[in-house]
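Here is how the chains run, residue by residue.
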Amino acid sequence: MSTASLIDRFSRSVVPTYGRFPLAFTRGQGSFLWDPEGKRYLDFGAGIAVCSIGHAHPALAHAVAQQAQTLIHTSNLYHTEPQAHLAEKLVSLIGPGKCFFCNSGAEANETLFKLARKFGHDSGRHEILTTINSFHGRTLAGIAATGQDKVKKGFEPAVEGFRHVPFNDLDAMRAAVSDKTIAILVEGIQGEGGVHAAIPEYLLGLRKLCDERKLLLFVDSVQCGMFRTGQFQSYQRILENSQAAQTPNAGGPPNSAIRNPQSAFLPDAISMAKGIAGGLPMGAVWIRQPYSDILGPGTHGTTFGGTPLACAAALSVFTVIEKEKLADNARTFGEYLQTQLVLQKSSRIRNVRGLGLMIGVELQPDIPSLAVEGKTPAIVMVNKLHDAGLLTIPSGNHTIRLLPPLNVNMYESNHALQKIAEVLAAL
Ligand SMILES: Cc1ncc(COP(=O)(O)O)c(C=O)c1O
């Protein structure tokens, strides 16, 4: 099987919803992937922030194999130990509440939308405010919630009840609240919209606004969660130096991977997916007390959500992250990569931003060799990096995203920096 023949088979049998790159992969190990011809790529995309502990991690492979030999699925008509254990884990890392499990980020957000509708139903409030350039998934409600026109085009009429306001603009959010508004949904760091982090004052202001107006505050943590920023949740990282957001950490957990989980700032619900099970499909929603029983029996569900297999995988990913201190690693190498990229900052790079291992490299807007008809400069740059053996992800029109596995090391970081420098020099 060659890359060319695989691409040909896809073009004949797979619905072309993705503008796929002309690459195929047959195996992975750690931060590397190999194509059918044997070429090795350094994977700084990690399946779009999914392969949190890299490819083929022995602990994850072992947990999945063992669980597959024990019990893969029962449905949610029954109880299983791995789901209980994982829910307890998430609650311990976030705060008092309960969890719902599903299979993707879009489904996790769908759960938030239904929670808001149910919560506001009797008072006649149903509107959810989100932000411009946000991304919340590809379901009909997901694209209605997403603050980007390109995902909505051709699918009108949109699901009713979503409005978008500029990100990090508290006054705009405050002004947008109407007597129909029931919830506000923001990403801690906008991933698809160019890697833009919420500022502490914004998050704290949204919490205050929601308390004043009796709104639910939702955080979409699908891409920026799971320790990618150096904390489990990106808001924990964003607010870690903010006095107003902290209460004393009672005793503190032994592992620095879980620094100050007892933040005084808590959203009312959080959607998670992507990296949570290290590559197995899983979505999760944490819902704060006293809202955690609003979605009662018969109101919501999914056949596959929280299977023993996916939960066992997620639990093993948490164990690896804690044992190998990968939150600290994300912080260390995130800072290293950003510092080195800023030093590289040439006439080609306009800005470097992000937190931990969620890094956006914004290119200068008018680089002639990136101007290709029908493609954004970010996609052209990503193609050039592919040729050099480095996988990255476009974000917005001019930004490339670096999302390496959380266990990335110095050799791999330097290797990526060198490839980026070489490609930039050749532009
Ligand atoms: C912030 C955010 N929310 C939701 C989603 C949708 O997740 P999924 O593709 O698993 O449905 C994504 C996917 O990129 C995302 O980045």
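Residues numbered from 1 in each chain as written. Predicted model: local features only at pLDDT ≥ 70, side-chain atom pairs only at ≥ 80, totals over all residues.

Points about the pairing of strand β14 (residues 358–363)
Line of reasoning, step 1. Within β14, 5 of the 6 residues are buried, which leaves it mostly tucked inside the rest of the structure.
Line of reasoning, step 2. As defined by bridge partners, strand β13 (residues 349–355) adjoins β14 across 6 bridges and the pair is classed as antiparallel. What sits directly across from Leu355, in β14, is Met358.
Line of reasoning, step 3. Between β13 and β14, which pair antiparallel in sequence order, lie 2 residues; one of them, Gly356, sits at a positive phi of approximately 55 degrees.
Line of reasoning, step 4. Pairing analysis gives 4 bridges linking β14 to strand β17 (residues 399–402), with the strands arranged antiparallel. (Buried ≥ 20, exposed ≤ 12 C-beta atoms within 10 Å, placed from the backbone. Helix = DSSP H or I, 4+ residues; strand = E, 2+ residues; numbered from the N terminus. Pairing = 2+ DSSP bridges.)

Describing the sheet that holds strand β12 (residues 283–288)
Line of reasoning, step 1. Ordered by their spatial adjacency, 7 strands build an open sheet running β4-β12-β11-β10-β7-β5-β6, and the pairing between neighbours is mixed. Taken across any chain shown, the strands that pair with only one partner, and hence form the sheet edges, are β4 (97–102) and β6 (162–165). Shown here is a sheet whose adjacent strand axes are inclined to one another by a mean of 20 degrees, direction ignored.
Line of reasoning, step 2. Pairing analysis gives 4 bridges linking strand β11 (residues 269–272) to β12, with the strands arranged antiparallel. Each residue of the ladder has a partner; that of Ile270, found in β12, is Trp286.
Line of reasoning, step 3. Packed on one face of the sheet, helix α5 (residues 105–120) meets β4, β5 (127–131), β7 (181–187), β10 (216–220), β11 and β12 and runs near 30 degrees to β12.
Line of reasoning, step 4. The strands touched by helix α8 (residues 200–213) are β7 and β10; relative to β10, the strand with the most contacts, the crossing angle is about 145 degrees. (Axes fitted to C-alpha atoms, helices over the stretch in contact; angles between N-to-C directions. Contact = placed C-beta atoms within 7 Å.)

Re the nonpolar core
Line of reasoning, step 1. If you look at the biggest cluster of nonpolar residues, it comprises 111 residues, and the most contacted ones within it are Ile184, Leu216, Ala284, Val285, Ala313 and Ala314.
Line of reasoning, step 2. Per element, the largest residue contribution to this core is 10 residues, and it comes from helix α10 (residues 308–323).
Line of reasoning, step 3. Two domains each provide a minimum of three residues to this core, namely domain 1 (3–56 + 328–426) and domain 2 (60–323).
Line of reasoning, step 4. Discounting residues that sit within four places of it in the chain, Ala313 has contacts with Leu60, Ala63, Val64, Ala277, Gly278 and Leu280. (Core = buried A, V, L, I, M, F, W, Y, C linked by C-beta atoms within 7 Å. Domains from an automatic or database assignment.)

Comments concerning the site of the ligand
Line of reasoning, step 1. Around the ligand sit 15 residues in total, of which Ser104, Gly105, Ala106, Val222 and Gln223 are the nearest.
Line of reasoning, step 2. Partitioning the shell around the ligand into residue classes produces 5 nonpolar, 7 polar and 3 charged. (Near = placed C-beta within 6 Å. Nonpolar A, V, L, I, M, F, W, Y, C, P; charged D, E, K, R; others polar.)

Points about the pairing of β12
Line of reasoning, step 1. When you tally the buried positions in β12, you get 5 out of 6 residues, the bulk of the element.
Line of reasoning, step 2. Inspection of the sheet shows β4 paired to β12 by 6 bridges, in the antiparallel sense. Bridging across to β12, Gly97 finds its partner in Arg288.

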